[in-house]
Amino acid sequence: MNFIVIMPEVKILSRLQSIDALRGLVIVIMLLDHVRETFYLNKQVTDPMNIMETEPALFGSRALAHICAPIFVLLTGLSAYLYQLKNNNLASTRSFLFKRGLFLILLELTLVNFAWTAKFPPDIIYLQVIWAIGISMLVLALCVGLPRNILLGAGLLIIFGHNLLDQITFRGISGLEQIWFVLHERGWIEFETLRIRTSYPVLPWFGVIFVGYALGYFFEPRFSTAERQRYLLTLGIISIVLFLALRSINIYGDHPWSFYDSWMMTVMSFFNLTKYPPSLLFILWNVGLGLIFLALFEILIKWNAFKPLIVFGSVPMFFYLLHLFILKLFYVICIALIGTTDGNYFAVNSVAALWFITLLLTVLLYPLVAWFSKFKHKNKQITWLKYF
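Values in this document were obtained by computation on a predicted structure and should not be read as measured data.

A word on the overall build of the chain
Link 1 in the chain: Each helix and strand in the chain was counted, giving 14 helices and three strands.
Link 2 in the chain: Taken over the C-alpha trace, the chain has a radius of gyration of 21 Å; the compact-globule value for 388 residues is 21 Å, and the two agree within 12%.
Link 3 in the chain: Dimensions of the chain, computed from C-alpha atoms along their principal axes, come out at roughly 65 × 50 × 50 Å.
Link 4 in the chain: Counting the 388 residues in the chain, one finds 52% classified as buried.
Link 5 in the chain: The long-range fraction of contacts in the chain, counting pairs at least 24 apart against all pairs at least 6 apart in sequence, stands at 74%.

Dropping the structure here:
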């Protein structure tokens, strides 16, 4: 693949910016969801959500945030393919995936859990999205040498078939129960002084990262920008159409939805999808939206309005850690100055307030994130910066 060396620089930059813009978009949406988990705990939501107890505005904000994890994992696979395309070295790609996968797992077990619980050493460890991405990278590292079509087929088989495993359980069978909690069933792994919550069962995410890796094929130089945009848009539309068809049939891919006297309740029921683990329909809907947005960003990336998203998306791990600790600090300050609002938590009184806090934090954090992004890209020789 020597032709990679003579690819026009502007073409590479455009590709990376569209990916960063999409990642930046979901980062801002993620911030909204974490603001909700910090300042709206008095109105917690379940998975799937209890639509009889969840107001439409809260439902919509939570459903919007569903796009985050699938796109993070999909773009991780896509980035791995682009890394392999650039370096044309399987050993280097495996090392890249293996090191970063271990780094993410270490972060989840330490800094990320501390940001959520403020306890060290912890008595509870939550294995969440960073853990799921890290484990998925390790699995992709083992499989990256396989033909692309094999990885694509395996990814689609996992995505479309894993809901067949929903009724399987190994409760009470030591060893198998814990493995199954990690792979497909949300649960607790308990030790004498430590409890581990498998918040993100990882098997379906393996399918998403495999598909993301295979998607990198359309970023090869053989495809023009227009062709790539057309393929991305087509795949996104196909994914959305499949979601609508399967969800309408109401037989497979998630829990059933129902008609209600209220059209709003019916719509909420239709889009009330399962995230833990992500159902087939959850993945189809959110990955489909992500591919459509990626195609649109490729078309509109020259608009200066998207620069903030590109900046946020260029240093995702820095933003992730930064916003968690800022939210924790913000909450502690509110408790110290105002106290609890309902006896248990300090909480705002509306979803609109959550959006306002998110907008405010986005504006306030942008200068620091922009500085770190510039610092990172000016100091590429500093190895540890590559992990952020």
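Right, picking up where we left off after that structure.
Details of helix 6 (residues 148-161)
In an α-helix, one turn spans 3.6 residues, which is why side chains three or four residues apart end up on the same side.
Link 1 in the chain: With 14 residues, helix 6 extends 19 Å between its outermost C-alpha atoms, agreeing within 8% with the 20 Å of an ideal straight helix rising 1.5 Å per residue.
Link 2 in the chain: Regarding helix 6, the residues found buried are L151, G155, I158 and I159. For helix 6, the angular spread of buried residues about the axis comes to 95 degrees, placing them on one side. For helix 6, the exposed residues set more than 90 degrees away from the buried face come down to N149 and L157.

A closer look at the sheet that holds strand 3 (residues 195-197)
Link 1 in the chain: Ordered by their spatial adjacency, three strands build an open sheet running 1-3-2, and the pairing between neighbours is mixed. In this open sheet, the two strands that pair with only one neighbour each are strand 1 (124-126) and strand 2 (188-190). Each strand of the sheet is rotated relative to its neighbour by a mean of 20 degrees, with strand direction disregarded.

A closer look at the environment of L164
Link 1 in the chain: Inspection of the secondary structure assignment puts L164 in the loop between helix 6 and helix 7 (176-183).
Link 2 in the chain: Among the residues examined, L164 registers a relative accessible area of 62% and is labelled exposed.
Link 3 in the chain: Separated by 89 residues in sequence, L164 and G253 place their C-alpha atoms 8.6 Å apart.

Quick notes on a nonpolar patch on the surface
Link 1 in the chain: On the surface, a nonpolar cluster with roughly 370 Å² of combined accessible area is contributed by L156, F160, L235, I238 and L242.
Link 2 in the chain: Counting only elements with at least two residues in the nonpolar patch, the list comes to helix 6 and helix 9 (225-249).
Link 3 in the chain: Considering every element that reaches the nonpolar patch, the biggest residue donor is helix 9, with three residues.
Link 4 in the chain: A residue is classified by how much of its surface remains accessible, and I238, at 43% relative accessible area, is partly exposed.

Details of helix 7
Link 1 in the chain: The complete set of buried residues in helix 7 reads E177, W180 and F181. Looking straight down helix 7, one finds that the buried residues subtend no more than 105 degrees of arc, so they occupy a single side.
Link 2 in the chain: In the core, the buried residues of helix 7 are packed alongside strand 2.

Focus: the confidence of the model for the chain
Link 1 in the chain: Of the residues in the chain, 96% reach a pLDDT of 70 or more, and the chain-wide mean stands at 91.
Link 2 in the chain: Taken element by element, the predicted model of the chain shows its lowest mean pLDDT in helix 1 (residues 9-39) (83) and its highest in helix 8 (residues 203-215) (97).
Link 3 in the chain: Per-residue pLDDT stays below 50 along residues 1-14; that stretch engages in 13 contacts with residues further than four places along the chain or on separate chains.

Section: the packing of helix 12 (residues 307-314) against helix 14 (residues 351-378)
Link 1 in the chain: It is at 9 Å that the axes of helix 12 and helix 14 come closest, and there the two elements cross at 60 degrees. Accordingly, the angle class assigned to the pair helix 12 and helix 14 is oblique. When you trace helix 12 past helix 14, the crossing you get is left-handed. Along the contact surface, helix 12 presents K307, P308, V311, F312 and S314, while helix 14 presents T362, Y366, V369, A370, S373, K376 and H377.
Link 2 in the chain: Of the residues belonging to the contact of helix 12 with helix 14, the class tally is six nonpolar, four polar and two charged.

Thresholds applied
- Residues numbered from 1 in each chain as written.
- Predicted model: local features only at pLDDT ≥ 70, side-chain atom pairs only at ≥ 80, totals over all residues.
- Heavy atoms only, no water.
- Helix = DSSP H or I, 4+ residues; strand = E, 2+ residues; numbered from the N terminus.
- Rg over C-alpha atoms; globule rule 2.2 N^0.38 Å.
- Buried < 20%, exposed > 50% of the residue type's maximum accessible area, 1.4 Å probe, protein only.
- Contact = heavy atoms within 4.5 Å.
- Expected span 1.5 Å × (residues − 1).
- Arc of directions from axis to C-beta.
- Pairing = 2+ DSSP bridges.
- Axes fitted to C-alpha atoms, helices over the stretch in contact; angles between N-to-C directions.
- Patch = residues over 30% accessible without salt bridge, like charges linked within 9 Å, V, L, I, M, F, W, Y side chains within 5 Å.
- Areas by Shrake-Rupley, 256 points an atom, 1.4 Å probe, with all protein chains shown as cover.
- Salt bridge = Lys/Arg side-chain N within 4 Å of Asp/Glu carboxyl O.
- pLDDT = per-residue confidence, 0-100.
- Parallel < 35°, antiparallel > 145°, perpendicular 65-115°, else oblique.
- Left-handed = near helix turned anticlockwise from the far one by under 90°.
- Nonpolar A, V, L, I, M, F, W, Y, C, P; charged D, E, K, R; others polar.

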